[in-house]
Amino acid sequence: MRKANRVITDIFLTMLTVIVVLFAVFPLYWLISTSMKSEAEAFAMPFKWVFTPDFSSYVSLLTNPEFQKVVTNSLVVSVVTTLLALFFGIPTGYALARTRSRFGHSMGVGIIIARMVPPMAIIIPFYVIFNYLSLTDTYLALILIYLTTMLPFVAWLMMGFFKGVPVELEEAAMIDGCSRLRSFIQVCIPVVKSGVATCAIFAFIMAWNEYFYAVIMTGNRTRTMTIFIQSFVSSSGTNWNQLCAASVIVILPILVFTTLCQKSFVRGLMGGAVKG
């Protein structure tokens, strides 16, 4: 009887998993298939599952100098923001994890509060400051304003990972002659490398997908892909083929980056869950 119940439970869970996966994957399939269909096929009823792929939308986009420019803008801003968030956020997380004073605890709370502030609350003062300094529509302005979101996130997440590193490891290294900085680099960082990968993936995704700050702070020179995509929607209609093709291209770097760091990403999430 127990074996029969277990089989029924396994079948039920398998079916439920398949339904959830199909529900999650179908929008992505619709997006990819629509980018390779003609307009008539894209809106055919019933839904057309079998069709001849047409890659003209991709060719048109990839040979478009304006599209190449916005891809470059997104890559530059996302990569630099991610590197800076890691460079400053990792030591900050370490300092917060090792300090035992009330001031350190208050700093930790302050960081997470800064992360919770809605973007609409700070965009106006940022815009006024950057406009006064003639920094609007520049990489620097975008990177700095993105860091207001990424840096607190990385610091808070890394604090949890560093708290899981035994202090005795650093003490042993310092007894052997290592300085605090050397023990941090050679002992702590290798232990939390999965956490670093997790922070890198999240920071890159957040910077790559950012829309609200970009729509206000960018112009013709620094327009990113998320802003460029909305140009396919106009008062005269929507170019669905190129809109979907551009959306697929936006997704690709995230898929590649996440796939390359998948093992470290999973270990980082599991490690963070265990520490929590």
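Use the structure listed above.
Predicted model, so just to flag it, every value in this text is computed and none were measured. Along each chain, residue indices are assigned from 1 in the same order as the chain's sequence is written. Given that this is a predicted model, residues contribute local features only at a pLDDT of at least 70 and side-chain atom pairs are listed and counted only at 80 or more, while totals for whole chains, interfaces and linings are drawn from all residues. Computation of side-chain values: all heavy atoms of the structure, hydrogens and water removed.

Chemist: Before we go on, may I ask you to explain the overall build of the protein chain in this structure?
Modeler: Numbering goes from the N terminus for both helices and strands, where a helix is a DSSP run of H or I of at least four residues and a strand is a run of E of at least two. Along the protein chain, the regular secondary structure elements total 14 helices and two strands. Using a 1.4 Å probe on the protein chains alone, a residue whose accessible area is under 20% of its type maximum counts as buried, one over 50% counts as exposed, and one in between counts as partly exposed. Here the protein chain holds 276 residues, and the buried ones make up 37% of them. Working rule for contacts: check all heavy atoms of both residues, and any pair within 4.5 Å makes them a contact. Partitioning the intrachain contacts of the protein chain with sequence separation of at least 6 by distance along the chain shows that 75% fall at a separation of at least 24. Accessible surface area values rest on a Shrake-Rupley calculation with a 1.4 Å probe, where residue burial reflects the displayed protein chains alone. Working note: accessible area of the protein chain is about 16500 Å², and carbon and sulfur atoms make up 71% of it.

Chemist: I'm lost on the side chain of Asn241 in this one. Help?
Modeler: Residue placement: Asn241 occurs in helix α13 (residues 240-260). Of the residues examined, Asn241 reaches a relative accessible area of 14% and is grouped as buried. At 3.4 Å, the side chain of Asn241 and the backbone oxygen of Thr34 are in polar contact. Residues adjacent in sequence count toward polar contacts only when both atoms are side-chain atoms; beyond that, a polar contact is any pair of N or O atoms within 3.5 Å, and within protein one must be able to donate a hydrogen and the other to accept it.

Chemist: Just to check I follow, could you spell out the side chain of Thr34 for this structure?
Modeler: By the secondary structure assignment, Thr34 is in helix α1 (residues 2-35). Taking the relative accessible area as the measure of exposure, Thr34 reaches 2% and is therefore buried. Within the structure, the side chain of Thr34 is placed 2.6 Å from the backbone oxygen of Trp30, a separation counted as a polar contact. Contact partners of Thr34, with chain neighbours within four places excluded, come to Ala42, Asn241 and Cys244.

Chemist: What am I meant to see in the nonpolar core here?
Modeler: The tendency in soluble globular proteins is for nonpolar side chains to be buried side by side. Definition of nonpolar core: a set of buried residues of the types Ala, Val, Leu, Ile, Met, Phe, Trp, Tyr and Cys, connected through side-chain atoms within 4.5 Å. Judged by nonpolar contacts, the single largest core of 38 residues is most densely connected at Tyr146, Val154, Met158 and Phe162. Of all elements in the fold, only α4 (65-98), α6 (119-132), α7 (139-163), α9 (180-191), α10 (193-209) and α11 (212-217) reach the threshold of two or more residues within this core. Here the element with the most residues in this core is α7; it accounts for 14 residues. Dropping the residues within four chain positions of it, Phe162 is found in contact with Ile90, Gly93, Tyr94, Ala97, Arg98, Phe184, Cys188, Ile189 and Val192. Grouped together as the second largest cluster of nonpolar side chains are 21 residues, Met225, Ile229, Val248 and Ile254 included.

Chemist: What's the story with unusual backbone geometry in this structure? I'm lost.
Modeler: With phi around 60°, Ser134 is a residue other than glycine that occupies positive phi space. Considering the arrangement of structural elements, one finds Ser134 in the loop between α6 and α7. Phi is positive for Asp137, which is not a glycine, with a value near 60°. With respect to the element layout, Asp137 can be found in the loop between α6 and α7.

Chemist: Even after reading the chapter, I still don't get the pattern of salt bridges, so can you show me in this structure?
Modeler: Side chains that differ in sign of charge can pair as their charged atoms come close. We count a salt bridge whenever a side-chain nitrogen from Lys or Arg sits within 4 Å of a carboxyl oxygen from Asp or Glu. On inspection of all chains with the given rule, the structure shows three salt bridges. Arg98 is paired through a salt bridge with Glu170; the nearest N and O atoms lie 2.6 Å apart. Placement of Arg98 in helix α4 and of Glu170 in helix α8 (residues 167-175) is noted, with a sequence separation of 72 residues between them. The two residues Arg98 and Glu170 agree in class, both being buried. The partner of Asp137 in a salt bridge is Arg221, with the nearest N and O atoms 3.4 Å apart. With Asp137 in the loop between α6 and α7 and Arg221 in the loop between α11 and α12 (225-229), the pair connects residues that are 84 residues apart, well separated along the chain.

Chemist: Just checking my understanding: could you explain the packing of α7 against α10 for this structure?
Modeler: Helices that pack against each other are described as a pair by the angle of their axes relative to one another and the distance between those axes. Where α7 meets α10, the closest approach of the two axes is 10 Å, and the angle between their N-to-C directions is 160°. Taken together, the axis directions place α7 and α10 in an arrangement best described as roughly antiparallel. In this structure, α7 meets α10 at a crossing whose hand is right-handed. For the pair formed by α7 and α10, the contact residues are Tyr146, Thr149, Met150, Phe153, Val154, Leu157, Met158 and Phe161 on the first element and Gly195, Val196, Thr198, Cys199, Phe202, Ala203, Met206 and Ala207 on the second. Interaxial angles span 0 to 180 degrees and are taken between N-to-C directions of axes, which are lines fitted to C-alpha atoms, for helices over the stretch in contact. To sort the angles, those under 35 degrees are grouped as roughly parallel, those over 145 as roughly antiparallel, those from 65 to 115 as roughly perpendicular, and the leftovers as oblique. For any helix crossing, the convention is left-handed if the near helix is rotated counterclockwise from the far helix by under a right angle, and right-handed if that rotation is clockwise.

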